[in-house]
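# A closer look at the structure
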Amino acid sequence: DTEVTQTPKHLVMGMTNKKSLKCEQHMGHRAMYWYKQKAKKPPELMFVYSYEKLSINESVPSRFSPECPNSSLLNLHLHALQPEDSALYLCASSPLTKLAYTQYFGPGTRLTVL
Amino acid sequence: AQSVTQPDIHITVSEGASLELRCNYSYGATPYLFWYVQSPGQGLQLLLKYFSGDTLVQGIKGFEAEFKRSQSSFNLRKPSVHWSDAAEYFCASGGSQGNLIFGKGTKLSVKP
């Protein structure tokens, strides 16, 4: 099973709202990732967690706050977003072995900021 | 810096025709290479990957790719395209931090 699940599938929020995106995997992977994808563009890496610790932050604005409460779960907390943050947010996971580069993606959360 | 180039933004093929999507990478050592497919509004599905060994790699859905070090290429092929193959295709290589470096993608349209 190579399934990564993400909830919600769609999210509409105002610029003053606080919301969270959730990602879950049960493959025993120890690396988890958040990507942002705008229309007609490739995914852009936002954050990487390795063994539940933040290892890469690609200079993401502080209105995005990641959290990895355990090895199976990854959250992305959203606060005071801007309309330009509207995008598809993808979660991925990978094992921490030579195959670490093999990332398995979830279906994404389509976020609209009004 | 590492980079991945997909020279074709959009390709249209007829159903039943063969397909080749091009991908070039820049990396000194043997790269880890991947092809992903993305249907509209969906996540990315891994089609195949190359780490080492046999340079012709078989993937899911009848796709294959060939690693050619001399040409720095990892082109994706399928002998007979189905209408359901219409999607965006991304080539990627493994970055130095365990991240993925994506090409800009190639949109495949399939004519009936």
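See above for the structure.
Read on for an overview of the structure. (Residues numbered from 1 in each chain as written. Chains lettered and ligands numbered in written order. Predicted model: local features only at pLDDT ≥ 70, side-chain atom pairs only at ≥ 80, totals over all residues. Heavy atoms only, no water.)

### Regarding the packing of aromatic side chains
Residues and elements named next belong to chain B. This structure, assessed with the given rule, holds 15 aromatic pairs over all chains. Judged by centre distance (5.8 Å) and plane angle (80°), the ring pair of F34 and F51 falls under edge-to-face. Taken as a pair, F34 in strand β5 (residues 33-38) and F51 in the loop between β6 (44-50) and β7 (56-58) lie far apart in primary sequence, 17 residues in all. Its relative accessible area of 0% is what places F34 among the buried residues. Measuring from ring centre to ring centre gives 6.1 Å for F90 and F102, while their planes differ by 85°; the resulting arrangement is edge-to-face. Taken as a pair, F90 in strand β10 (residues 87-94) and F102 in strand β11 (residues 100-102) lie far apart in primary sequence, twelve residues in all. (Phe/Tyr/Trp six-rings, centres within 6.5 Å; stacked < 30°, edge-to-face > 60°. Helix = DSSP H or I, 4+ residues; strand = E, 2+ residues; numbered from the N terminus. Buried < 20%, exposed > 50% of the residue type's maximum accessible area, 1.4 Å probe, protein only.)

### Concerning the environment of S72(A)
Residue position: S72(A) is located in the loop between β7 (64-70) and β8 (73-79). The contacts of S72(A), once residues within four sequence positions are left out, are C23(A), E24(A), Q25(A), H26(A) and M32(A). (Contact = heavy atoms within 4.5 Å.)

### Some points on the interface of chain B and chain A
At the junction of the two partners, chain B supplies 22 residues and chain A supplies 21 residues. When chain B packs against chain A, close to 1800 Å² is buried across both sides, 60% of that on carbon and sulfur atoms. At the boundary of chain B with chain A, the tally comes to zero salt bridges. Our count for the contact surface shared by chain B and chain A stands at three residue pairs in polar contact (both at pLDDT 80 or more). At the level of elements, β5, β6, β10 and β11 of chain B are the ones that each hand at least two residues to the side of chain B that touches chain A. (Buried area = accessible area lost by both parts, 1.4 Å probe. Salt bridge = Lys/Arg side-chain N within 4 Å of Asp/Glu carboxyl O. Polar contact = N/O pair within 3.5 Å; in protein donor to acceptor, adjacent residues only side chain to side chain.)

### Some words on unusual backbone geometry
The omega angle of the peptide bond from T7(A) to P8(A) is -10°, so this bond is cis rather than trans. Here P8(A) shows up in the loop between β1 (4-7) and β2 (10-13). Positive phi, close to 65°, is recorded for E52(A), a residue that is not glycine. Accessibility expressed as a relative area gives 29% for E52(A), which makes it partly exposed. Positive phi is not limited to glycine here, since K61(B) has a value of about 60°. Looking at where K61(B) falls in the secondary structure, it is placed in the loop between β7 and β8 (64-68). Take K61(B): its relative accessible area is 46%, and that puts it in the partly exposed class.

### Brief notes about the pairing of β2(A)
Residue and element names in this part refer to chain A. Burial of β2 is one-sided: the residues L11 and M13 facing one way are buried, the residues H10 and V12 facing the other way are not. Pairing analysis gives four bridges linking β2 to strand β11 (residues 109-113), with the strands arranged parallel. Note that in β11 the partner of M13 across the bridge is V113. (Pairing = 2+ DSSP bridges.)

### Things to note about the sheet that holds β8(A)
Residues and elements named next belong to chain A. The four strands are arranged β1-β3-β8-β7 in an open sheet whose pairing can be described as antiparallel. The open sheet has two edge strands with one neighbour each: β1 and β7. Each adjacent strand pair in this sheet contributes to an overall mean axis angle of 20°, direction not counted. In this structure, β7 lies alongside β8, joined through five bridges in antiparallel fashion. The partner of P66 across the bridge, within β8, is L76. (Axes fitted to C-alpha atoms, helices over the stretch in contact; angles between N-to-C directions.)

### Regarding the pattern of salt bridges
Summed over all chains, the structure comprises eight salt bridges over all chains. As a salt-bridge pair, R77(B) and E66(B) come within 3.2 Å of each other at their nearest N and O atoms. Of this pair, R77(B) sits in strand β9 (residues 73-78) while E66(B) is found in strand β8, placing the two residues eleven residues apart along the sequence. Residue classification places R77(B) among the partly exposed positions, given a relative accessible area of 23%. By relative accessible area, E66(B) is classed as partly exposed at 22%. Linked by salt bridges that have partners in common, K36(A), R63(A) and D85(A) make up one network.

### What to know about the side chain of N99(B)
Structurally, N99(B) can be placed in the loop between β10 and β11. Those residues in contact with N99(B), other than ones at most four positions away along the chain, are L45(A), Y101(A), Q103(A), S93(B) and G94(B).

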